[in-house]
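# Structural overview for review
Residues per chain are reported as follows:
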Amino acid sequence: MSLPDAFHDIAGRVNNWGRWGADDELGTLNLITDEVVRAAAATVRTGRRIPLALPLRRDGVQTGMIPGRIDPLHVMVQINQELFGPGTVACSDDVVTMGLQAATHWDALPHVSHSGRIYNGRPADTVTPHGGAEFSGIDGVRRLVSRGVLLDVARARGTDRLDGGHAVTPEDLDAAEDLAGTRVRAGDVVLVRTGQVQFCLAGDRHAYAYPSPGLSIRTPEWFHARDVAAVANDTLTFEVFPPEVEGLWLPVHALHLVEMGMPQGQNWNLEELSTACGEAGRYAFLLAATPEPFTGATGAPVAPVAVL
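Residues numbered from 1 in each chain as written. Predicted model: local features only at pLDDT ≥ 70, side-chain atom pairs only at ≥ 80, totals over all residues. Heavy atoms only, no water.

With that out of the way, let us pick up empty space enclosed by the protein. Empty space among the atoms becomes visible once a probe the size of a water molecule is rolled across them. On inspection of all chains with the given rule, the structure shows 4 cavities of 30 Å³ or more. By volume, the largest cavity amounts to about 60 Å³. In this structure, the largest cavity is lined by Glu 25, Leu 26, Leu 29, Asp 107, Ala 108, Leu 109, Ser 136, Gly 137, Ile 138, Val 141 and Pro 263. Considered as a void within the structure, the second largest cavity measures approximately 50 Å³ in volume. For the second largest cavity, the full set of lining residues is Leu 215, Ile 217, Glu 239, Val 240, Pro 243, Glu 244, Val 245, Leu 248, Pro 251 and Val 252. Residue composition of the lining of the second largest cavity, grouped by class: 8 nonpolar, no polar and 2 charged. (1 Å grid on protein atoms, 1.4 Å probe; cavity = no way out; pocket = protein on both sides within 12 Å on 5 of 7 lines; lining within 4 Å. Points joined across faces, edges and corners; volume = space filled by probe spheres on them. Nonpolar A, V, L, I, M, F, W, Y, C, P; charged D, E, K, R; others polar.)

In this structure the tally under the stated criterion is 4 aromatic pairs. Summarising the aromatic geometry, the rings of Trp 222 and Phe 223 are spaced 5.5 Å apart at their centres and angled 80 degrees between planes, so their arrangement reads as edge-to-face. Note on accessibility: Trp 222 and Phe 223 belong to one class, buried. Linked through ring pairs, Tyr 210, Phe 241 and Trp 249 together constitute an aromatic cluster. Across from the ring centre of Phe 135, 4.4 Å away, lies the NZ or CZ of Arg 122, which sits over that ring. (Phe/Tyr/Trp six-rings, centres within 6.5 Å; stacked < 30°, edge-to-face > 60°. Buried < 20%, exposed > 50% of the residue type's maximum accessible area, 1.4 Å probe, protein only. Lys NZ or Arg CZ within 6 Å of the ring centre and 35° of its normal.)

Quick look at the pattern of salt bridges now. This structure, assessed with the given rule, holds 18 salt bridges. Across the salt bridge formed by Arg 48 and Glu 272, the nearest N and O atoms sit 3.6 Å from each other. In this pair, Arg 48 sits in the loop between α2 (34-41) and β1 (49-51) while Glu 272 sits in helix α9 (residues 271-280), placing the two residues 224 residues apart along the sequence. Take Glu 272: its relative accessible area is 36%, and that puts it in the partly exposed class. Across the pair Glu 279 and Arg 48 runs a salt bridge whose closest N-O atoms are separated by 3.9 Å. A residue pair is termed long-range when its members are at least 10 positions apart, and Glu 279 in helix α9 and Arg 48 in the loop between α2 and β1 qualify at 231 residues. (Salt bridge = Lys/Arg side-chain N within 4 Å of Asp/Glu carboxyl O. Helix = DSSP H or I, 4+ residues; strand = E, 2+ residues; numbered from the N terminus.)

Relative to the helices and strands, Asp 188 resides in the loop between α4 (170-180) and β9 (189-193). The class for Asp 188 is buried, based on a relative accessible area of 0%. A distance of 2.7 Å separates the side chain of Asp 188 from the side chain of Arg 147, its partner in a polar contact. In this structure the side chain of Asp 188 is engaged in a polar contact, spanning 2.8 Å, whose partner is the backbone nitrogen of Arg 185. When near neighbours in sequence (up to four residues on either side) are disregarded, Asp 188 contacts Ser 146, Arg 147, Val 149, Arg 183, Val 228, Ala 229 and Ala 230. (Polar contact = N/O pair within 3.5 Å; in protein donor to acceptor, adjacent residues only side chain to side chain. Contact = heavy atoms within 4.5 Å.)

Burial along strand β11 (residues 230-233) is two-sided: Ala 230 and Ala 232 facing one way and Val 231 and Asn 233 facing the other are all buried. With 4 bridges connecting them, β9 and β11 associate as parallel partners. Across the sheet, residue Val 189 finds its bridge partner in β11, namely Ala 230. Remark: the β11/helix α8 (residues 251-260)/strand β12 (residues 264-266) crossover connection has right-handed handedness. (Pairing = 2+ DSSP bridges. Right-handed = clockwise from strand over helix to strand, strands pointing away.)

With that out of the way, let us pick up the layout of surface pockets. Looking at the largest pocket, its volume works out to about 300 Å³. If you trace the largest pocket, you find 13 residues lining it, with Leu 26, Leu 29, Asn 30, Ile 32 and Arg 143 closest to the centre. For the lining of the largest pocket, a count of residues per class yields 7 nonpolar, 3 polar and 3 charged.

Taken in spatial order, the 9 strands line up as β1-β15-β13-β7-β9-β11-β12-β4-β14 in an open sheet, and their pairing is mixed. Looking at strand neighbours, the two that pair on one side only are β1 and β14 (299-301), the edges of this open sheet. Taking each pair of neighbouring strands and ignoring which way they run, the sheet shows an average axis angle of 30 degrees. Where strand β7 (residues 145-152) lies against β9, 5 bridges are found, and the strand directions are parallel. Bridge pairing in β9 links Val 149 to Val 190. The strands touched by α8 within the sheet are β4 (105-107) and β12, with β12 carrying the most contacts at an inclination of about 135 degrees. (Axes fitted to C-alpha atoms, helices over the stretch in contact; angles between N-to-C directions.)

As a further point, take unusual backbone geometry. The phi angle of most residues is negative, glycine excepted, and most peptide bonds adopt the trans form. Looking along the chain, the bond that leaves Tyr 210 and enters Pro 211 is cis, with omega of -10 degrees. Tracing the backbone shows Pro 211 in the loop between α6 (205-209) and β10 (214-215). With omega at 5 degrees, the peptide bond leading from Phe 241 into Pro 242 counts as cis. Tracing the backbone through its elements, the reader meets Pro 242 in the loop between β11 and α8. The backbone of Asn 80 shows a phi angle near 50 degrees, a positive value even though the residue is not glycine. With relative accessibility at 56%, the residue Asn 80 sits in the exposed group. Residue Leu 250 is not a glycine yet carries a positive backbone phi of 60 degrees. With respect to the secondary-structure elements, Leu 250 resides in the loop between β11 and α8. The partly exposed category is assigned to Leu 250, whose relative accessible area is 38%.

Okay, here's the thing in structure tokens:
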């Protein structure tokens, strides 16, 4: 089905094309200023560091539901090989083949397109088979460090995990913001916890993938109003799946990446962070989450760390 009028109405309200100039490729990451990072550093009190990435492993989160997105295939190409002759220092080397969005990752802005366009109105055909993304590739995200805010929607709703198919609404985000005791502000990176990753951690990849809670088509306006720099969550699909509107696939992806120019992340493990934030009674922290700089890639793995 073609994108409905309701989608285009939202797109018109959240569109950031030209906001940072006709040549801009970073989108909402422009909102992470030096002042934002200094304020983020001031949130560090104990120095506790919490990893948010899933392991990169052969039996990872992919089930084949997304064609071509394979879990990491890790092989050894050298094992204790004495490269410079007998008795010299021996080396072991590895090679990995994987989908760049296979596990914990960021989606770059050209990861999706709609109506023949990507962010800032550029043609979708600037993504090519051999060159990848000519504009806004993930390699342009060279330093993603900001204040992170955990919006623990599951906890705010009084549960450990949202039901599959639950569409996270602006009202859910408001409730999680109240629980956090802090207001999301310009340049923040928002992490939305649903608890869905618990299925993945328990080894049930299929239950993790489908059905899944996720962000509603109503939420992009919430993030736009607060000038959020990026959003990540603990699901495979990011947005609610199956979709809210029958036949309307990935509308939140299109609104975030294409219209707003806002990166989004999937498959983040927010369980330890949820516990730590609950114990400390604070949900804002320094977040270091720079993706691997694959040239021209439309996404890349990331190993984020929250520092409380």
